[in-house]
Amino acid sequence: MSLAALATGLAGPVVASAQAASSQAASPSIDRSVLPIPLPGFQGSIGATYRDSRAETPPPSAPAAPAGAPNILLVLLDDAGYAQTSAFGAAITTPTLDALAANGLRYTRFHVTPMCSPTRASLLTGRNHHAIGMGTITNWASSYPGYTGVLPKSSAFVSEILRANGYATAAIGKWHLTPVSEMTPSGPYDRWPSGQGFDYFYGFIQAETDQWAPQINEGVKPGRLDPPKGRAGDYTLNEAMADHTIAWLRSQKSVNPDKPFFIYYAPGGTHAPLQAPKAWIDKFKGRFDMGWDKYREQVFARQKALGVVPADATLTPRPPELPAWDSLSPDERKVQARMMEVYAGFMAQTDHEIGRVIDAIRQTGQLDNTLIVFIAGDNGASQEGGPEGAINSMAQINGVTDTTAERLRALPTLGGASTTPMYGAGWAWAGNTPFQWSKRIGSHLGATRDPLVISWPSRVKDPGATRWQYEHVIDIAPTLLEAAGVPQPRRVNGVDQAPFDGASLLATIDSGAASSRRTTQYYEMLGNRAIYHDGWLAAQRTGLAPWVYSSVDTLKPQAWELYDLDHDYSQAHDVAAANPARLKALQDLFDAEAKRNQVLPIDPRVLGRGQPDTREAVHRTYYGQTRLYSGMWPPVENRSFSITARIVAPARDGDGPVVSMGGESGGFSLYVKDGKPAFTYNFFQKQITTVQSPTRLGAGPAKIAVRLVYDGGGPGQGATAILSVDDKVVGQARVPRTSRGKVSFEDTFDIGEDSGSPVVDYGVAPTYPGVLDKVEVDLDPAS
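Now for a quick tour of the structure. (Residues numbered from 1 in each chain as written. Predicted model: local features only at pLDDT ≥ 70, side-chain atom pairs only at ≥ 80, totals over all residues. Heavy atoms only, no water.)

## Examining the sheet that holds strand β31 (residues 771-779)
Reading across the sheet, the six strands line up as β20-β31-β22-β27-β28-β29 and stay open at both edges, with antiparallel pairing between neighbours. Two strands lie at the open edges of the sheet, namely β20 (619-622) and β29 (728-735), each paired on one side alone. Mean inter-strand twist for the sheet, computed between neighbouring axes without regard to direction, equals 15°. With nine bridges joining them, strand β22 (residues 641-649) and strand β27 (residues 700-710) adopt antiparallel strand pairing. (Pairing = 2+ DSSP bridges. Helix = DSSP H or I, 4+ residues; strand = E, 2+ residues; numbered from the N terminus. Axes fitted to C-alpha atoms, helices over the stretch in contact; angles between N-to-C directions.)

See the structure below:
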C-alpha cells in the first residue's frame, strides 16, 4: 500500500463520533464492573397462550459496547529497535507507519520490557510483568512467584474485558503467553488466545516460527501454510496473516457492522529467523554497504531532523564487545551487508502487510473511528546473533559457527526457505540508535525504549505532532478501556481483579501539554535492572553479553550507573559519581519495587533457571499424531536413546515420516522412503547422516527402530546410529556431531508427520500414510 493511499484513507469518512467514546460513562442501566454482564431479565409478559402474551422486541442479548466506542487495532512488532523504521530515522522504508505518524502522533519516550513474553503480558493486562508471573519468557519459567509463566486470572486480558463489553475480538500472529506445558495439541486451552478473550486466532503459539513453513494454529487447530496457486516461492506467513485478518474483518463487518472490533496484530516480523521473499530483500541491495558505524551516524542525523530525538542528544559509542566495521574483511562486509538487507526486507514486508489490513479497515468505512496503536518493538533490537550473525540461527545458539566461505555461498538464498538467518549484533546496535545495548539488557534504553505511534483520525487534533511524556507498555490496556468508555472491572468470571499498574495515556492524545502519569517504573531482565523516577534512571548491568547462553553464575555485577534522562535523552552520561545520595535513594526504591512486584530473586542466568525434575521419565510412549514444542520434547541431547515405532505398513505408497524432531535447519527423522525404513540426522545442515534399510517393508505390521549410541565425554559429541527392523539390525552409520542443545525453537517433535519445515525431503506429503500403533522413546542417563 502506498504512503499516499494510506494518507488518503486516514482522512476517510466519519462513521461514528469518536469523542463520544471517551466521555461515554457506563450506562446507568448496565453494571460493567462485573463480567460477564448478565443478560437483562425478560421485560415482556407471559400469559397462558401467545395470544395473551407480549414478547420483547428485540429479544434479550449481550450488552452492546458503549455508544461511539471506537474500533481498535493494536499492532506489536517483534525484536525491533527504536531506529528500525523510517518513521524514526531508519533507511528501511515503512510507508504504513510513516503515514500513521503523519496523521497521528509519535511517542518518543515510550517503554517496553526487555523481552517478548513479558511485554506481551504487560501490554494485554496493564500490569507489571513480574507481578503477574512473567518475569522472563515462558520457556525460562521457574517456580518462583514472579517467574512461573502462568498468568493469573486476577489479571484479565483487555481482550476479555472488551469482548464482554460488546467487542468482536481477534488475535493474529505471535502469542508466546502460554505455559510450555500447555502448548500441546491436547491443551488445556484456557491460556491460549481463545481462552483469553479472543473470538478468533490465527498465528503461532511459540516464540518464533519459520516464515516459509510455519507452525500455525487457527483457533486451537494445527494447520499448515497453504500458498495460493503459483505463489509457493514468494508467499510467507507475513502475507497469510494479513489475508486472514482481512477475511475476518470483512466477515465481522458484514454480519455485525455496528459492533466494534479489537484486533491484536502481532506479526513475527522482525524476530529471527529473518526471512522474506527475495523481491523484498533486493529492494535494499547496496543500502547498507557503509556499515553499522556510519549507518548509525546517518540514522542519528535523520532522527534529529524528524524531531524524534532532541537536538542536544548525544550518540552513545560502540561498546568494545562489537567490532568496528572497518576491522572486517571485504568478504565479511559483503556478508554482513546482505544480512542487513534481509532484515530490512523483512521489516518492509511486515509494514506493507499491516498497511493492507489498515486499507481493509478504510474500505469498510471504519477508519475514522478506529484507534490504531502501533508499537514498533516488544523489546529493543536483538543482538542474539552475536557479533558475526549466522545463516542458521539455531546452529549459532548451539555454538556451531560458519566459515566466511560458507556465508558467501549462502548469500544468494539468504532469507529464503533453506536458511534461518540472524544478522550481526552490530546491526542491532545500529537499530537501537542512539541508545546503548539491546534486547535482554533491561538496564539500558536500547532494550526498553521503542517507537509508539497512535492514530485516531476523528480524535487527534494535531496530526504529525510528537509526544515527549514518559510512558510504559502497562499504560496501553488502561488507555484502550478509557477510549472505549469501559471501566476496569472489579470481577471477571468470578475472580476479583488486581488493580492496573498502568495508567491511561488518553489525555496525551488530546494534548501534548498533558502531564505524564508515570513517574516511577522499574525494569529487570536476567539480572540487568534499572529504576526510573522523576526523570532520573539508576541502572546496573550484569556484564553478560546478550548473545551468550550461560547456565553458570560466574558474573561480577557491573557498578551502578546514574542518568539524568530529562537532560540526557540517550542515556549517554553516567553521573553516578557526582550524585551518590540520589543513586542510593534510587537503589532503595528499586529494592522496594522489586519486593512489591515479585522480582526477587535476581537471577542473571539464561539457562538453568528452572528447577529440573530429578524424576525425569526414561521411557515415554506416544500414540497418534503429536506436535510438541521444544520444552516438551523428550530430552535426547547428550545421551544415548532409542526410538521404537510399531506400525502397519500399507500395501503400496507407504512412504512418509514416522518420528521427526526439528526441521530443515537441524534435527532428525525416522521415516520410510522408497518403501525402506531410514533414519537421518541433520546436524544444522553441516553434516547430514542417513542410514537406510536395503530391503523394502512388506504390507502389514512391522517394528522399526533406531538407537543412537552417544560417545559421551561432554556435550555435542558424536554418536553411532543403528537402524533395525523387527529386531534385526539392517544398517548403521557414524554421526560425527550431535546438537548440544535444542535443534529448533520453531519446529516440533512429531509423531506420524513432519510439520513445519521438513528434516529431509520425503518425496511425498510429510505425513505417514500407514497405521501408527505407538512410538516408544527410551533414554539412557545423560552423559
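## Some details on the packing of helix α3 (residues 95-102) against helix α9 (residues 330-363)
At a minimum axis separation of 7 Å, α3 and α9 run at an interaxial angle of 55°. With respect to each other, α3 and α9 are oriented oblique. In contact with Pro95, Thr96, Leu97 and Leu100 of α3, α9 contributes Asp351, His352, Ile354, Gly355 and Ile358. Looking at the contact of α3 with α9, its residues break down into five nonpolar, three polar and one charged. (Parallel < 35°, antiparallel > 145°, perpendicular 65-115°, else oblique. Contact = heavy atoms within 4.5 Å. Nonpolar A, V, L, I, M, F, W, Y, C, P; charged D, E, K, R; others polar.)

## What about helix α6 (residues 237-255)?
With 19 residues, α6 extends 27 Å between its outermost C-alpha atoms, agreeing within 8% with the 27 Å of an ideal straight helix rising 1.5 Å per residue. When α6 is considered as a whole, its buried residues turn out to be Leu237, Asn238, Glu239, Ala240, Met241, Ala242, Thr245, Ile246, Trp248, Leu249, Gln252 and Lys253. Its buried side turned inward, α6 meets β2 (71-76), β5 (168-174), β6 (200-204), β7 (216-218), β9 (261-266) and α9. (Expected span 1.5 Å × (residues − 1). Buried < 20%, exposed > 50% of the residue type's maximum accessible area, 1.4 Å probe, protein only.)

## Quick look at the sheet that holds strand β1 (residues 34-35)
To summarise the sheet geometry, strands pair through backbone hydrogen bonds and adopt either a parallel or an antiparallel arrangement. The strand order across the open sheet built from three strands is β1-β14-β15, with neighbouring strands paired in mixed fashion. Where the open sheet ends on each side, the last strands, each with one partner, are β1 and β15 (495-496). Bridging between strand β14 (residues 491-492) and β15 involves two bridges; their strand directions are antiparallel. Directly across from Val492, in β15, lies its bridge partner Val495.

## Quick word on the pairing of strand β28 (residues 719-725)
The buried fraction of β28 amounts to six of the seven residues, a majority that puts the element mostly inside the structure. Pairing between β27 and β28: seven bridges, direction antiparallel. Paired with Val706 across the bridge in β28 is Leu723. One ladder, built from seven bridges, connects β28 with β29; its direction is antiparallel. Bridge pairing in β29 links Ala719 to Val735. The turn joining β28 and β29, which pair antiparallel and follow one another in sequence, is formed by two residues; a positive phi near 50° is taken by Asp726.

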